[in-house]
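In case you want the letters, here they are:
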Amino acid sequence: MRVVLRALLADARGHKLQTLVTLLGVAVGVAVIVAIHLASEASLEHFRGTFDSVAGRATHELNGAAPLSTERLPELLREPGVIAAQPVVSRLAVAPARADRPARALRVLGLDPFLAAPFLEFSSAARAQIGSARLFERLLLEHDLLLAPGEVLADLGLPDEGGALDLRVGSTTRRVRLARLDGSGLARSDPPVLLTDLATAQQLAGLDTGLTRYDLILDPDAPPPQLAAGERLARPARRGERADSMTAAFRTNLLCLGFLAVLVGAFLAFNMAQFAVTRRRAMLGRLRCLGCSAKALQRAVLVEAALLGLAGSVFGVALGRALAGTLVGDVARTVSTLYGRVDPPGVSLDALTATAALLVGVGATVAASWGPARSAARTPPVLVAGGVVRDPLPHRALAPLLCVFAALLLCVPQSAVVLPSIAVLAILLATATAMPHLLRRLLEHPPRQLVAALAAGRLERSLARTGAAAGALAMPLAMTVALLVMVGSFRGEVVAWAEAVLGGDLYVQPLEQELAAESLRLSPALLDAMAAHPQVETVDTLRLIERATDSGELLIGGSELEAVRRRGTMRVLQGGPLSDVLTALDAGAALISEPLAQRRGLAPGDSLRLPGRDGERELTVAAVFQDFSFDRGYVLLAARTHIELFGETGVRNAAALLRPGADPEVVRDALMAAHPEVLVRTVAKLRDDVLRAFNDTFAITYVLQGISTALALVGILTALLCLHLERRHELGVLRALGARTRAIGGLLLVEAGALMFVAELVALPVGLGLAWILVAVVNTRSFGWSFPMAIDFGAVSGLLGMALVAGLLAGLVPWLLTRRGTISQLLETRR
Amino acid sequence: MSRRVCLSFLLAAAFAAATPTALAQAVSTPGQEVSEPAQATSEADGFLRALPGRELRLPADHANHPRTRTEWWYFTGQLFAEDGREFGFQSTWFRRALRERLPTQAPPLAVRDVLLYHGALADVDRARTQFTERVSRDHAPWARASEERLEVVTLDASLLDPVGDGARVLLDAPVGDARLRVAIDFGTVTPLAHGEEPGLSLKGSEAGQASWYYSLPRLPLSGSLQLADGSELAVSGEAWFDHEFGSSQLGDEQVGWDWFSVALDDGSELMLYQLRHTDGSADATSSATLRRPDGSQRHLRREDFELEVLERWTSPRSRARYPAEWALRIPSEALELRVRPRFADQELSTSGSTGVVYWEGLCEFVGERAGGAVMGAGYVELVGYADSIQGAFAAPPRAVEPTQDA
């Protein structure tokens, strides 16, 4: 076997370019896997970090109705489940109006610098700034000093480096000094945060030694800490929730891309290994003729494949690491456009990823060589040496079997993401394995036109590889089509929903976000002021509380639903016409959101038990309505029912309906000037915010999609290059027969075009099928949101068109490489 | 004098790194670290300087001395568990004043003192060291140091003399992942007061460049060690207690120190430290205190002892190269000791917060005194060999390898 191996390696050395292309193919495959994985991890970490700097890293908050005592801290730290705890004072403050600017709402956030480290992350720039200006030491020693980002200072009309400011907290106004601190992520909070030492914040808030809350990082595996009377353990208020559901959506996207990367990568490696073996069929035949046993031959081929695979994979891991750096930069740019400047996160290659990628690389190479090696070893030596043997194609039944497998997986109910994802994978694999057979079908009737006929013949003779190349392209294309359609459909539906349900003209919510949900309320004075405004016709209010039930936490809202009554702004999915639904609601029935109906299997007419003030109460479900604002369970009651059940919990949000002809912006400005403690948004602004949140979630997907497609094109390029290198002598023959280089370029272009065309022909329907799975199965099951599939043909054809152009350009590369060669040089390449 | 004045200063200085920031940079870089304290010890800032003529009064002096800028209570020792396992431990409370007094109308949580705690456990059988630390402002429920009696608390690490007579002290504090709860018997031990004038440890030529410093060796202790898995071991053993307070700092050229403490089986005790210069040489103020078996005490100057490094060990984490075996000679006492760490990796890294990296470990001391064999267990502290793992939070002075040790 060693002799054979030596002969194979000598041959590999003799065909440097071919060997190099094989190595490159394996390397690109492995690089795709490594790059996408690393970039995903880094971006995910960073994406979370982007929110962390605003939302903090607390897993829980310890709240209480009264200010909390500092004495709880040592007790909390002794609890086995508490990893870290920090005392927090958080108070809303107002910078009173001045001639040059209106009043501004701000949040004073008091932290203990000694205990805050596990909860906050500052950018390196912010750290340097704190270090050089000794900001934290000053915070400890100067009890009128607060830190603010440059944007906030500018907004407050203060000089760049900071300055004095009157700050009203509660009913007292004090003069404080602001120093500048950028890069803390605090400017992005709404309202902007002024960071200060705990002692200073307590003094400003008039709290003595009281605290607003404790932030906690809890060990999920340990029992939760014991609570004292009146204390409440909650997840960090709303601010964290959006981040969580966004990261969940982001993670799902990345999971799909990760699968895809492994598939495309393994497939490329596979393709290249096959090429390396089949290229040397004749040589293998000669070795057999010389008396080499079939077994030894096969083993030597596999060992060589493993070596090639290893070399390619090592290179691939390095390449992937480098690519990931670029990818992450792209992601950071996307995030920056959305959230303001963000430093690109660091990429680090862990041993596990590297090993997994090496294993996939070597495994795919060996697996790919196994079939051809076996067939070459078993075929009678004379045939092999004569080059008569054809490369084996994947078994014809494989694709249908994979499809059936996928269908079976999809039929399993209740599996949120995993099984449908495996089904997606199986379908992609089926596409790739079916490709050579499809190609053969198409090539059965060769065209008459000379160049086309030549191209068809060339493609047909190396079907195993041309088919694999087309398959390697079809997979990412199909997946990209699927994601494009899914995201597009989802977006369309969210837009339609936002347009339809936002019936009010102005939306009002408290800025205070950090207290427990139940203590968030709009003051009666504000509601009176709203109602009394001459341009306001009526005010719609929302009471909102959170209750734990047997089947998870529920958000329970109570509203007069004035906007719905007057403007019909509710999308009822089940439960009859809106007027009937409203009648039932007034009679004490409940409306439930679609995700809740999906999760709990509830339908109109069913009953729902809610834990009320005076014990559990059973309500009838009157209807299911469409809602994208909460992915947890959301129950809507009439305001009267809500008060009956839970008592007066206070108004959380309000919407104003204006008289015809009123200018919402004028009313908004008037309300904000009088009540800086609330956020008033016009319906247009709210709609924009909804869409922005949506785009934020999916923007990063597009970057990674683009990159994975580009890498697949690199794969196609190497596949075409292989084909070309193997058959250069044919071009020599054509040239000898009088073909011009330009005609040969045309021939190569037709070949590449045909491959691309077939790949796209398959990718389109498969992609639409996958989109259906994502929309109808994955989304419904994991988020509870259903929406019809809407295909944006413009975007899809744009994608396919771009891929086609890129593929054609890739097809021209081999031509550019050899067009200068003389006929004899080309002919000499045949061995 | 005082190795740990410096350590506590570094820690106090670096406390800000425990904040999400690098205030440490400003305070802990060598230049500033020295220049600032220079002012701190001046009369103007109001802190009490260590001058001759003050007598050590125990147990009163076990308590806090808020008029000094810096103070620490330092336990090192050996624990023997009921199941036969052996541990070394370190439990240290540091106090560092940020200002002499609070301004009028300061808020209730305004900071005068920062209190720090370091707790390490060296598992001898597994050759594993674990470390934990706490930092807090001097807000009574969180951290406090009593002027009345020995009572120092930093969050969940507490040291308490419940009766106030200095006879028995309760220590309840985290050491690494474990928690140590022991009663320490102070009652019968005679203090070892360091310095030429007993109790006053000089650290420079100028008046006030000194600190008050005494030790209590061979303190019997017993109690429990609760391990991270929740299991509890009954332990007993012996500890060495150090208490030092003062208001001045190390000089410019001093980069670190090697500190040794041992109770030998012939009844003698030795505390020795060597301050190292940037060029590796030993500072003239390096000194030692020896108590002979007959109870007589002797102050040793730099020229009275020799310290020769025989082995070195490189930390795989910080890459710092620490001495790992010494020959310690006091010719005039006919004492020669070989000092070896019980295991090499007893490096403590506070990289999670303050960024100070130092070596503090259980060592065995074996040798001869006047022809007779002696041995004992003790602790060695090596500071200034490592750059901080987090460069930005660099706290220890420049890492300079001493080229010569004795």
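What counts, and where the lines are drawn
Residues numbered from 1 in each chain as written. Chains lettered and ligands numbered in written order. Predicted model: local features only at pLDDT ≥ 70, side-chain atom pairs only at ≥ 80, totals over all residues. Heavy atoms only, no water. Helix = DSSP H or I, 4+ residues; strand = E, 2+ residues; numbered from the N terminus. Buried < 20%, exposed > 50% of the residue type's maximum accessible area, 1.4 Å probe, protein only. Contact = heavy atoms within 4.5 Å. Areas by Shrake-Rupley, 256 points an atom, 1.4 Å probe, with all protein chains shown as cover. Salt bridge = Lys/Arg side-chain N within 4 Å of Asp/Glu carboxyl O. Axes fitted to C-alpha atoms, helices over the stretch in contact; angles between N-to-C directions. Parallel < 35°, antiparallel > 145°, perpendicular 65-115°, else oblique. Left-handed = near helix turned anticlockwise from the far one by under 90°. Nonpolar A, V, L, I, M, F, W, Y, C, P; charged D, E, K, R; others polar. Expected span 1.5 Å × (residues − 1). Arc of directions from axis to C-beta. Core = buried A, V, L, I, M, F, W, Y, C linked by side-chain atoms within 4.5 Å. Phe/Tyr/Trp six-rings, centres within 6.5 Å; stacked < 30°, edge-to-face > 60°. Lys NZ or Arg CZ within 6 Å of the ring centre and 35° of its normal. Patch = residues over 30% accessible without salt bridge, like charges linked within 9 Å, V, L, I, M, F, W, Y side chains within 5 Å. pLDDT = per-residue confidence, 0-100. Pairing = 2+ DSSP bridges. Polar contact = N/O pair within 3.5 Å; in protein donor to acceptor, adjacent residues only side chain to side chain.

A. Structural view of the overall build of chain B. Within chain B, the regular secondary structure consists of 3 helices and 23 strands. Out of the 406 residues belonging to chain B, those deemed buried represent 63%. Within chain B, counting contacts between residues at least 6 apart in sequence, those at least 24 apart form 59% of the total. When the accessible surface of chain B is totalled, it reaches about 13,800 Å², and 47% of it is carbon and sulfur.

B. The arrangement of the overall build of chain A in detail. Check the secondary structure of chain A and you find 27 helices and 19 strands. Looking at chain A residue by residue over its 831 residues, the buried ones come to 57%.

C. Representation of the pattern of salt bridges in the model. All names here are of chain B. Inspection of the entire model under this criterion finds 54 salt bridges over all chains. Between Asp113 and Arg95 there is a salt bridge, and its shortest N-O distance comes to 3.3 Å. Residue Asp113 is found in strand 3 (residues 113-123), and its partner Arg95 is found in strand 2 (residues 86-97); the two are separated by 18 residues along the sequence. The buried category is assigned to Arg95, whose relative accessible area is 1%. Across the salt bridge formed by Asp172 and Arg179, the nearest N and O atoms sit 2.6 Å from each other. The class for Asp172 is buried, based on a relative accessible area of 19%. A residue is classified by how much of its surface remains accessible, and Arg179, at 10% relative accessible area, is buried.

D. Structural view of the packing of helix 1 (residues 2-14) of chain A against helix 9 (residues 281-289) of chain A. Residues and elements named next belong to chain A. Here helix 1 crosses helix 9 at 150°, and the two axes come no closer than 12 Å. Comparing the axis directions of helix 1 and helix 9 gives the class roughly antiparallel. Once helix 1 is placed against helix 9, the crossing between them reads as right-handed. Contacts between helix 1 and helix 9 involve Val4, Ala7, Leu8 and Asp11 from the former and Met283, Leu284 and Leu287 from the latter. In terms of residue class, the contact of helix 1 with helix 9 is built from 6 nonpolar, no polar and 1 charged.

E. View of helix 13 (residues 398-411) of chain A. All names here are of chain A. In this model helix 13 runs 20 Å from its N-terminal to its C-terminal C-alpha over 14 residues, within 8% of the 20 Å that 1.5 Å per residue would give. Buried residues of helix 13: Ala399, Leu402, Ala406, Leu409 and Leu410, and no others. Projected down its long axis, helix 13 carries its buried residues within an arc of 95°, all on one side. In helix 13, the exposed residues that point more than 90 degrees away from the buried face are Leu401, Leu408 and Cys411.

F. Summary view of the environment of Asp185(B). Residues and elements named next belong to chain B. Its place among the elements puts Asp185 in strand 9 (residues 178-185). On the accessibility criterion, Asp185 (36% relative accessible area) is partly exposed. C-alpha separation for the pair Asp185 and Leu219, spaced 34 residues apart in sequence, amounts to 5.9 Å. Discounting residues that sit within four places of it in the chain, Asp185 has contacts with Ala167, Leu219 and Pro220.

G. Expanded view of the nonpolar core. Of all hydrophobic cores here, the largest spans 71 residues; its most connected members are Leu428(A), Met435(A), Val481(A), Leu502(A), Leu770(A) and Ile773(A). The set of elements that each furnish at least two residues to this core consists of helix 13, helix 14 (418-443), helix 15 (450-461), helix 16 (463-501), helix 23 (683-726), helix 25 (741-783) and helix 26 (793-818) of chain A. At 22 residues, the largest contribution of residues to this core is made by helix 16 of chain A. Among residues more than four places away in sequence, those in contact with Leu502(A) are Tyr507(A), Val683(A), Leu686(A) and Arg687(A). In this structure, Tyr117(B), Ala143(B), Val169(B) and Leu225(B) belong to the second largest nonpolar core, which totals 40 residues.

H. Focus on the packing of aromatic side chains. Under the counting rule described, the total for this entry stands at 12 aromatic pairs over all chains. Seen from their ring centres, Phe625(A) and Tyr634(A) are 5.9 Å apart, and the 75° between their planes marks the pair as edge-to-face. For the residue pair Phe625(A) and Tyr634(A), the accessibility class agrees, reading buried in each case. Pairwise contacts between aromatic rings join Phe75(B), Phe186(B), Tyr214(B) and Phe241(B) into one cluster. Stacked on the ring of Trp212(B), the Lys or Arg Arg54(B) has its end atom at 5.0 Å from the ring centre. The lysine or arginine in question, Arg276(B), covers the ring of Tyr385(B), its NZ or CZ lying 3.8 Å from the ring centre.

I. Structural view of a nonpolar patch on the surface. A cluster of nonpolar side chains, namely Val733(A), Leu737(A), Ile823(A) and Leu827(A), defines an oily patch on the protein surface of about 340 Å² accessible area. Relative to the helices and strands, Leu827(A) resides in helix 27 (residues 823-828).

J. Quick peek at the confidence of the model for chain B. Residue and element names in this part refer to chain B. In the predicted model, chain B carries a mean pLDDT of 82, and the fraction of residues at 70 or more is 82%. Low pLDDT (under 50) marks residues 1-44, which in the prediction has 155 contacts with non-local residues, meaning those over four places away or in another chain. For residues 388-406, every residue scores under 50 in pLDDT, and the model assigns this stretch 68 contacts once sequence neighbours within four places are set aside.

K. Spatial organisation of the packing of helix 14 of chain A against helix 16 of chain A. Residue and element names in this part refer to chain A. The N-to-C vectors of helix 14 and helix 16 enclose an angle of 135°; their axes lie 8 Å apart at closest approach. Here helix 16 runs oblique to helix 14, going by the angle between their axes. You can see that helix 14 and helix 16 cross each other, and the crossing is right-handed. Touching Val424, Leu428, Thr431, Ala432, Met435, Pro436, Leu439, Arg440 and Leu443 of helix 14 are Leu463, Thr466, Gly467, Ala468, Ala470, Gly471, Ala474, Met475, Ala478 and Met479, all from helix 16. Among the residues making up the contact of helix 14 with helix 16, the classes are represented as 14 nonpolar, 4 polar and 1 charged.

L. Representation of the confidence of the model for chain A. Residues and elements named next belong to chain A. Per-residue pLDDT for chain A has a mean of 78; in total, 81% of the residues score no lower than 70. Here residues 49-55 scores under 50 on pLDDT; set against residues more than four positions off or in separate chains, the count is 20 contacts. Counted against residues more than four places away or in other chains, residues 335-344, with its pLDDT under 50, gives 23 contacts.

M. Focus on the pairing of strand 6 (residues 172-180) of chain A. Relative to strand 6 of chain A, strand 4 (residues 145-148) of chain A runs parallel, the two sharing 4 bridges. Paired with Ala148(A) across the two strands is Arg180(A), which belongs to strand 6 of chain A.

N. Broad picture of the pairing of strand 8 (residues 168-175) of chain B. Residues and elements named next belong to chain B. Taking burial as the measure, the 8 residues of strand 8 include 6 buried ones, the bulk of the element. In terms of strand pairing, strand 7 (residues 157-160) meets strand 8 through 3 bridges, oriented antiparallel. Bridge assignment links Leu160 to a residue of strand 8, and that residue is Leu170. Between strand 8 and strand 9, which follow one another and run antiparallel, lie 2 residues, and Gly176 among them has a positive phi close to 60°.

O. Examining the environment of Thr649(A) more closely. Tracing the backbone through its elements, the reader meets Thr649(A) in the loop between helix 21 (639-646) and strand 18 (653-658). Separated by 91 residues in the primary sequence, Thr649(A) and Gly558(A) place their C-alpha atoms 10.0 Å from one another.

P. Inspection of the side chain of Arg369(B) at higher detail. All names here are of chain B. Turning to its location among the elements, Arg369 is positioned in strand 22 (residues 357-369). Among the polar contacts listed, one links the side chain of Arg369 to the side chain of Ser268, at a separation of 3.2 Å. Discounting residues that sit within four places of it in the chain, Arg369 has contacts with Asp266, Ser268, Leu290, Pro293, Glu333, Ala334, Leu335 and Val374.

Q. Seen up close, unusual backbone geometry. All names here are of chain B. For the bond running from Leu58 to Pro59, omega is 10°, close enough to zero to count as cis. Take Pro59: it is sitting in the loop between helix 3 (30-40) and strand 1 (70-81). In the Ramachandran plot, Gln105 falls in the positive-phi region, its phi being about 60° despite a non-glycine side chain.

R. Fine view of the environment of Thr285(B). All names here are of chain B. Position of Thr285 relative to the elements: it lies in the loop between strand 15 (269-277) and strand 16 (287-291). For the pair Thr285 and Ser201, spaced 84 residues apart in the sequence, the C-alpha separation amounts to 9.2 Å. Leaving out residues up to four positions away in the same chain, Thr285 has contacts with Leu202, Lys203, Gly204, Gln254, Tyr273 and Leu275.

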